[in-house]
Amino acid sequence: MANTLEAAALKTTPLHAQHIALKARMVPFGGWDMPVQYSGILEEHQAVRQAVGLFDVSHMGEFVVKGEGAARFLARMVPGDILNLPIGKCLYTQFTRPSGGVVDDTIICRQSDRYLLVVNASNIDKDWAWLSEHRPADVDMQNLSDVTAMIAVQGPQADALMRRIATSDITDLPFFGVADGEVLGVRMTASRTGYTGEDGFELYMPNEQAEKIWNGLLEAGKDFGIQPCGLGARDTLRLEAGLPLYGHELNDETTPIESSLGWTVKSEADYLGHEEIARQKAEGAGKKLVGLKLLGKQIAREGYAVYVGDAPVGKVASGAPSPTLGYPIATAFVDAKQVKAGDQVEVEIRGKRFPAEVVKTVFYRRSK
Amino acid sequence: MIPQDLKYAKSHEYARIAGDEATIGITDYAAEQLGDVVFVELPEVGRELSKGDSFGVVESVKAVSDLYAPLSGKVVAVNERLNDESSLINDDPFGEGWIIKIAPSNPAEANEILDAKQYEELIGG
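Scoring rules and cut-offs
- Residues numbered from 1 in each chain as written.
- Chains lettered and ligands numbered in written order.
- Predicted model: local features only at pLDDT ≥ 70, side-chain atom pairs only at ≥ 80, totals over all residues.
- Helix = DSSP H or I, 4+ residues; strand = E, 2+ residues; numbered from the N terminus.
- Rg over C-alpha atoms; globule rule 2.2 N^0.38 Å.
- Buried ≥ 20, exposed ≤ 12 C-beta atoms within 10 Å, placed from the backbone.
- Contact = placed C-beta atoms within 7 Å.
- Pairing = 2+ DSSP bridges.
- Axes fitted to C-alpha atoms, helices over the stretch in contact; angles between N-to-C directions.
- Core = buried A, V, L, I, M, F, W, Y, C linked by C-beta atoms within 7 Å.
- Arc of directions from axis to C-beta.
- pLDDT = per-residue confidence, 0-100.

**A look at the overall build of chain B**
Consideration 1: Secondary structure assignment for chain B yields three helices and nine strands.
Consideration 2: Reading chain B from its N end, one meets helices and strands in the order β-β-β-α-β-β-β-β-β-α-β-α.
Consideration 3: For 125 residues, the compact-globule estimate of 2.2 N^0.38 gives 14 Å, and the C-alpha radius of gyration of chain B, at 13 Å, lies within 12% of that figure.
Consideration 4: Over its C-alpha atoms, taken along the principal directions, chain B stretches across nearly 35 × 35 × 20 Å.
Consideration 5: A burial count over chain B gives 42% of its 125 residues as buried.
Consideration 6: Excluding contacts between residues fewer than 6 apart, the proportion of contacts in chain B whose partners are at least 24 apart in sequence is 63%.

Rendered as structure tokens:
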């Protein structure tokens, strides 16, 4: 009975019926009933690394920011270099607090008349409140999350597939480019971005068009080995690629520097949290995010303790088997003074310690 | 698929009892719920298990789950193939994907756990 009530409260995307028809296993995620897998996480993961995968990510939030003060406002909200973002390009950044902690991470796409902000599903309300609280009078904001569907097409065959069904405004996009164009005759915004470490596109369209685009991509994608992919593969793909997940590698109490995202902190504007973040960038932070390559087969999962000798030096943030590399990988927040790349540490798994090598958080990089 | 000749624990392990040996694994239903199994931690041969003891774990991509002994007994064999081919648990849970064999120390316990019909009700309900 409790389950029924819980299920009733979950939101569904415009593609929910398609997932059921494809026999996806559905799970609650950030308040949404989402597909975690269709044929199996490993198979879906490999499809994205070797061919092309299709993801319903309509649970993600989309905000539009416009108006005379839009750039100035965003420059106050994020440590990324938003003031130098050209029209037609996207930026990965975070909304930061005065403490330097991270409200959420986001992709900001700059188009001629607007900024499109793509935010995490579980943080839509929090982000909207945070931005609204700081919004000056010369900025307009719209929350399009409830009326916008988002589909990701990811993998080495994504380009060839999209060239069959999309206009060149979209298929000619460079990495992190954004444009309006047509897919299967439907007008939409597309960005050459993703959360998998592969080439690919993210498509933003009105809810009513989602079914047509999803089915059309599955049909046209048959020639390219397309596979619908759930949140399970999305997680293993993003972890291999070193892409952070809010609530794991990012949170309200951790700065982008501590999350080892210093490369995304480029703004010279007076953004919220600037003082602490700039100090940490110059002097180093007390803790940092590292990658762990487990030397055994046991998987280091979130919350497991990391040791150097008998001293606890940190905790695992995310962990999974790496289907591409063939061994378990993890990210961990560790004491920056005691741990550096190349060190051997131990992770406590079910009461026993297992060796792991400290590496960078990017485990996999596609060959160009 | 629920083989009629097996006994089942509520925690989704099965026991195939033949003579003085019982083969233990997890059910098709459990394997499907877990998804791709990527690692199995097996017990030592010779370990004495009481019914309900945790004797190992299965790790899928998303989660780790304990394995519980459906019957008491001594471990007489473990499926070493799972060390390199943990996917046998997904591909053939009732056959090649067996996990351990035990010599039951209290065969009467088999009457205390579920038969196929009761297990079907458990997972159907």
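Picking up where we left off.
**Here's the deal with the sheet that holds strand E6 (residues 102–111) of chain A**
Residue and element names in this part refer to chain A.
Consideration 1: The sheet built from five strands is open, its strands ordered E5-E6-E7-E4-E8 with antiparallel pairing. The strands lining the two open edges of the sheet, one partner per strand, are strand E5 (90–96) and strand E8 (140–143). Each adjacent strand pair in this sheet contributes to an overall mean axis angle of 25°, direction not counted.

**Some words on the nonpolar core**
Residues and elements named next belong to chain A.
Consideration 1: With 125 residues, the main nonpolar core has Leu74, Ile151, Val153, Leu203 and Ala300 as its most contacted residues.
Consideration 2: Non-local contacts of Val153, meaning those with residues more than four positions away in its chain, are made with Val52, Leu54, Ala158, Leu161, Met162, Gly200, Phe201 and Leu217.
Consideration 3: Of all hydrophobic cores here, the second largest spans six residues; its members include Ile257, Leu261, Val265 and Ala285.

**Points about unusual backbone geometry**
Consideration 1: Phi is positive for A:Leu184, which is not a glycine, with a value near 50°.
Consideration 2: Relative to the assigned elements, A:Leu184 resides in the loop between strand E10 (178–183) and strand E11 (186–191).
Consideration 3: Here A:Leu184 falls in the partly exposed class, since 16 other C-beta atoms lie within 10 Å of it.
Consideration 4: In this structure, B:His12 is a non-glycine residue whose phi angle is positive, near 80°.
Consideration 5: Within the fold, B:His12 resides in the loop between strand E1 (7–8) and strand E2 (13–18).

**Regarding the interface of chain A and chain B**
Consideration 1: On the chain B side, the residues contacting the 13 residues of chain A number nine residues.
Consideration 2: Contributions of two or more residues to the side of chain A that touches chain B are made by helix H3 (41–50), helix H9 (231–240) and strand E16 (311–321) of chain A.

**Considering the environment of A:Gln338**
Residues and elements named next belong to chain A.
Consideration 1: For Gln338, the position within the fold is in the loop between strand E17 (328–335) and strand E18 (344–349).
Consideration 2: Given 14 C-beta atoms within a 10 Å radius, Gln338 is considered partly exposed.
Consideration 3: For the pair Gln338 and Ala190, spaced 148 residues apart in sequence, the C-alpha separation works out to 44 Å.
Consideration 4: Setting aside its immediate chain neighbours within four residues, Gln338 contacts Val308 and Val313.

**Regarding the pairing of E16(A)**
All names here are of chain A.
Consideration 1: Counting buried positions along E16 yields eight of eleven residues, so the element is predominantly enclosed.
Consideration 2: Following strand E15 (residues 305–308), the chain reverses through two residues before pairing antiparallel with E16; Gly309 in that reversal takes a positive phi of roughly 60°.
Consideration 3: Where E16 and E17 come together, seven bridges link them in antiparallel fashion. Directly across from Ala320, in E17, lies its bridge partner Ile329.

**Concerning the environment of B:Asp84**
Consideration 1: Tracing the chain through its elements places B:Asp84 in the loop between strand E8 (73–78) and helix H2 (88–91).
Consideration 2: Judged by the 9 C-beta atoms lying within 10 Å of it, B:Asp84 is exposed.

**Comments concerning the pairing of strand E4 (residues 61–66) of chain A**
Residues and elements named next belong to chain A.
Consideration 1: Relative to strand E7 (residues 114–119), E4 runs antiparallel, the two being bridged by five bridges. Its bridge partner lying in E7, Val64 is registered against Leu116.
Consideration 2: Looking at chain direction, E4 and E8 are connected through four bridges and run antiparallel. Looking across to E8, one finds that Val65 is bridged to Met141.

**Here we look at the sheet that holds E11(A)**
Residues and elements named next belong to chain A.
Consideration 1: In spatial order, the strands read E10-E11-E12-E9-E3-E13; together these six strands make up an open sheet with mixed pairing. Each end of this open sheet is capped by a strand with a single partner; those strands are E10 and strand E13 (226–228). The mean angle between the axes of side-by-side strands here comes to 30°, regardless of whether they run parallel or antiparallel.
Consideration 2: Where strand E3 (residues 52–56) and strand E9 (residues 148–154) come together, four bridges link them in antiparallel fashion. Across the sheet, the residue bridging to Leu54 is Val153, located in E9.
Consideration 3: Contacts between H3 and the sheet are confined to E3, E9 and E13, with E3 contributing the most and set at about 115° to the helix.

**Overview of helix H6 (residues 158–165) of chain A**
Consideration 1: Along H6(A), the residues that are buried comprise A:Ala158, A:Leu161, A:Met162 and A:Ile165. Seen end-on, H6(A) carries its buried residues on one side only, within an arc spanning 95°.

**Quick look at the confidence of the model for chain B**
Consideration 1: In the predicted model, chain B carries a mean pLDDT of 96, and the fraction of residues at 70 or more is 99%.
Consideration 2: For this predicted complex, the interface score ipTM comes out at 0.88, while the overall pTM is 0.94.

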